[in-house]
Protein chains: 2
Amino acid sequence: MISKKTATIRDVAHKAGVSPGTVSRAINKSPLVSEETRRRIMDVVRELDYVPNIAARRLSTGKALAVVVIVPFFTRPSVSERLNGALSLLSQTQYDLIIHNIESPEQRAICFDTIPRRDQADGVLIISISPTDDEVPKLAQAEVPIVLIDTSQPELTMFPRVTVDDVAGGRMATEYLIQLGHTRIGFIGDVMENPFNFRASRDRYTGYLEALGQAGIAARQEYHGEGEHDRCEARRLAREMLARPERPTAVFASSDTQAVGVLEAAREMGLCVPEDLSVIGYDDIEVADILGVTTVRQLLFASGQRGVELLLEALENPEFEPVHEVLPTELVVRGTTGPALGI
Amino acid sequence: MISKKTATIRDVAHKAGVSPGTVSRAINKSPLVSEETRRRIMDVVRELDYVPNIAARRLSTGKALAVVVIVPFFTRPSVSERLNGALSLLSQTQYDLIIHNIESPEQRAICFDTIPRRDQADGVLIISISPTDDEVPKLAQAEVPIVLIDTSQPELTMFPRVTVDDVAGGRMATEYLIQLGHTRIGFIGDVMENPFNFRASRDRYTGYLEALGQAGIAARQEYHGEGEHDRCEARRLAREMLARPERPTAVFASSDTQAVGVLEAAREMGLCVPEDLSVIGYDDIEVADILGVTTVRQLLFASGQRGVELLLEALENPEFEPVHEVLPTELVVRGTTGPALGI
DNA sequence: CGTTTTAATGCAACCGATTTAATTCCCAAT
DNA sequence: ATTGGGAATTAAATCGGTTGCATTAAAACG
């Protein structure tokens, strides 16, 4: 490989008979360069196939020209869809997108410690991870803007955020089941006390409790299942719940993934859906459409896009006031829910 | 915000009473620092909460400390799973992962032009995109190692790669159907002439033809469907194919996503699976398990991991000989295939 | 005890851009 | 003719690390 060294700005300057400073200005469209020299310089740039060294530019401007996205378990369809929304906008800008995937509490700590510095990224997008009380002040002191997507704590007013009202969503799902005549309604969701401080499932559960309360239905411990955000785990929980003497006639799963687990359990136990059991999920990911699962739709792709928009605004305008945007949810009725039959 | 400026290596040096060079060496675990000074320095580092400026480090070492991954449509489960494998390994290194998602031929051209420079990335991972004949020489001249994952051209011997024998996979799927007694076997896959130069579907089709040929079965034009890699498109194609007078009794879809489309078409048309129609997919993504789709499993996550391993090797050892690794495929029999009944 | 090694540290150049302050040049105004 | 002003450009400092070379201090050796 005869790899002729990459051209530097000095090479260009020399060949064009100007100083490096002028080349820099020409490239960055400064008005302080005469039209004539600019043309000459750009010719040389093309000739030498010159591209500015990003590392040098970053160092001298003090901008990272990159955005870091911190996500947990990014293969989860809901996360990946959000990420995709973010990417779709970022790719139109000059910012690079650096991904940090968090799968353990240690990774999370490192990330939160080291990332929000100016040299690493100009901005940070945190998806589906709620900072804990200890972490909030740290993040608040960050040198770069931080935008949160899908984190529910109402007290996080210092950050721009894009969220969904998961309490309302959980209520919506449960109310629909109640409206169908169900009174024995189970809930299957994530572990509420988890090292990642995921709160979506907890919020949806709160909504579930609210709806039950409003309808005068007592929540029953044996209708409550908590486990990993995972199809198989949900199936296990559902099997257990459905094997009880007075089994629920409907189940609200706090994600579509878990709803699928419930459906699998029902099938294994010979229960017909929706005749014997109604199932409703949350998210409206593709598999819900494929299987015809009734669910609460939230705007995943849009949340990523909107998050980036907020971040870009904050980057341009440092005095940008933190906004809190709540994206709508929508009930999508499909085939896994039906009226309660008999008692 | 009283943002006290971030500490630099000189601040640490001054406070610890040593020179910046020594601090640098201490941080980088050079053996040229006495245990005692190192301790003292590290104390100051903690005290000042010092983190080296990455941009500066990149510039002075000439290493980008980052790996760029170029992927098409990264929400596709198969792509996302590969990416996850790559991330899982990279997160244990000091390399950042920069994603470039390609959704149009223009983006692709820009990426291939600008990325493979030393200042942008130390290495590049290209997933599921086969370079065209014009692009190969460009990439071959790149200043950094490039590893290809899931690109089938046999002539790409200058790059390390991780692939799957899609021809064999297609043959395996088709042979299984033949073995079950099917002779009217349809194929539904991606558009073969596409701007992204995706070849997986084409290769699987080749395997399909080989299997038919070997069994003495003539390929029939009306059993061939090509369309976007998309469930709905596959459903449309399948509906068309299954509506013909002498409809196929089995369909090989070149991905699980498309197999799901075929299943939906069958359901709409009142065909029972597998009694009236056998369906086999490819990839073994989660939805195949959920729906019990017979499929050809390939090691998606592992391919990403292995790709990174090869890249890291190439980074450490510049004289690294390009390896070509072929990951195994495996037939996973589930419920959507069965013996051909009658004629 | 003087000399040679060796270990530890300091000094200064460098990476490749940006940017401020200084300089040159040209023209208009006095 | 002199000077003031503005535009275009250059020179040099800077960003914050790394690293080869010089230097010093301490240990080992004869």
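Read on for a plain summary of the structure. Each chain carries its own residue numbering, running from 1 in the written order of its sequence. For this description, chains carry letters from A and ligands carry numbers from 1, given in the order in which they are written. For a predicted model such as this one, the threshold for reporting local features is a pLDDT of at least 70, and the threshold for listing and counting side-chain atom pairs is 80 or more; totals across whole chains, interfaces and linings nevertheless cover every residue. Note that water and hydrogens are dropped before the side-chain values are worked out from all heavy atoms of the structure.

## Things to note about the protein's contact with DNA strand D
Nearness of a residue to a molecule or strand requires only that one of the residue's heavy atoms be within 4 Å of it. Neighbouring DNA strand D are 25 residues; Thr 22 and Arg 25 of chain A together with Ile 9, Arg 10 and Ser 24 of chain B lie closest to it. Those atoms of DNA strand D that come within 4 Å of the protein belong to sugar or phosphate at a rate of 57%. Note that a phosphate oxygen of DNA strand D is positioned 2.7 Å from one of the side-chain N or O atoms of Thr 22 of chain A. Within the backbone of Ile 9 of chain B, an N or O atom sits 2.5 Å from a phosphate oxygen of DNA strand D. Comment: elements are numbered from the N terminus, with helices defined as DSSP H or I runs of at least four residues and strands as E runs of at least two. Of all the secondary structure elements, the ones that give two or more residues to the surface near DNA strand D are helix 2 (20-27) and helix 4 (54-61) of chain A together with helix 1 (9-16), helix 2 (20-27) and helix 4 (54-61) of chain B. Considering every element that reaches the surface near DNA strand D, the biggest residue donor is helix 4 of chain B, with 4 residues. Amino acids outside the nonpolar list (Ala, Val, Leu, Ile, Met, Phe, Trp, Tyr, Cys, Pro) and the charged list (Asp, Glu, Lys, Arg) are all regarded as polar, and Gly is one of them. Classifying every residue of the surface near DNA strand D gives 8 nonpolar, 13 polar and 4 charged. In protein, a polar contact requires one atom able to donate a hydrogen and another able to accept it; more generally it is a pair of N or O atoms within 3.5 Å, and residues adjacent in sequence count only if both atoms are side-chain atoms.

## Concerning the interface of chain A and chain B
Note on definitions: a residue-residue contact is assigned when non-hydrogen atoms from the two residues lie within 4.5 Å. Each side of the interface is counted separately: chain A has 41 residues, and chain B has 41 residues. Between chain A and chain B, roughly 3600 Å² of surface is buried when both sides are summed, and carbon and sulfur atoms account for 54% of that area. Should a side-chain nitrogen of Lys or Arg be within 4 Å of a carboxyl oxygen of Asp or Glu, the pair is scored as a salt bridge. Here chain A is connected to chain B by 4 salt bridges. Inspection of the region where chain A meets chain B yields 8 residue pairs in polar contact (both at pLDDT 80 or more). Of the residues forming the side of chain A that touches chain B, the biggest block, 6 residues, is contributed by strand 2 (residues 96-102) of chain A. Classifying every residue of the side of chain A that touches chain B gives 18 nonpolar, 10 polar and 13 charged. Buried area: the accessible surface (1.4 Å probe) lost by two parts on joining, summed over both.

## Things to note about the pairing of strand 10 (residues 294-298) of chain A
Residue and element names in this part refer to chain A. Across the 5 residues of strand 10, 4 count as buried, placing the element largely inside the fold. Paired strands, in this sense, are two strands between which DSSP finds at least two bridges. Examined bridge by bridge, strand 9 (residues 278-283) and strand 10 share 4 bridges and lie parallel to one another. Along strand 10, the bridge assignment pairs Gly 281 with Thr 295. Orienting the strands away from the viewer, one traces the path from the first strand over the helix to the second; a clockwise path indicates a right-handed crossover. Each parallel crossover has a hand, and for strand 9 linked through helix 12 (residues 286-291) to strand 10 it is right-handed. Of the strand pairs in this sheet, strand 10 and strand 12 (residues 329-332) are connected by 4 bridges, and their pairing is antiparallel. Its bridge partner being in strand 12, Thr 295 is matched across the sheet by Val 332. Three labels apply to residues, based on accessible area from a 1.4 Å probe with only protein chains included: buried if under 20% of the type maximum, exposed if over 50%, partly exposed otherwise in between.

## Description of the sheet that holds strand 7 (residues 224-227) of chain B
Residue and element names in this part refer to chain B. Taken together, the 6 strands give an open sheet; going across it, the order is 7-6-8-9-10-12, and neighbouring strands pair in mixed fashion. Of all the strands in the sheet, just strand 7 and strand 12 (329-332) have a single pairing partner and so form its edges. Pairs of neighbouring strands in the sheet enclose a mean axial angle of 15°, with direction left out of account. Both strand 8 (residues 250-253) and strand 9 (residues 278-283) contribute to a ladder of 3 bridges, which runs parallel. By the bridge assignment for strand 9, Phe 252 is matched with Ile 280. Inter-axis angles, ranging from 0 to 180 degrees, are taken between N-to-C directions of lines fitted to C-alpha atoms, where helices are fitted over the stretch in contact. Lying on the sheet, helix 10 (residues 231-242) is in contact with strand 6 (185-190), strand 7 and strand 8; it crosses strand 7 at an angle near 155°.

## Topic: the pairing of strand 9 of chain B
Of all the 6 residues making up strand 9 of chain B, 6 are buried; the element is thus mostly covered by neighbouring parts of the structure. Regarding the hand of the β-α-β motif, the stretch spanning strand 8 of chain B, helix 11 (residues 256-268) of chain B and strand 9 of chain B is right-handed.

## Some details on helix 9 (residues 200-214) of chain B
Residues and elements named next belong to chain B. Expected helix span is given by 1.5 Å per residue-to-residue step, counting one fewer step than there are residues. A rise of 1.5 Å per residue sets the reference length of helix 9, with its 15 residues, at 21 Å; its end C-alpha atoms lie 21 Å apart and thus fit the reference within 8%. Those residues of helix 9 lying buried are Ser 201, Asp 203, Arg 204, Tyr 205, Gly 207, Tyr 208, Ala 211 and Leu 212. Residues of helix 9 that are buried make contact with helix 8 (166-179), strand 6, strand 7, strand 8, strand 9 and strand 10 (294-298). Directly after helix 9, the chain includes Gly 216, whose backbone phi takes a positive value near 75°.

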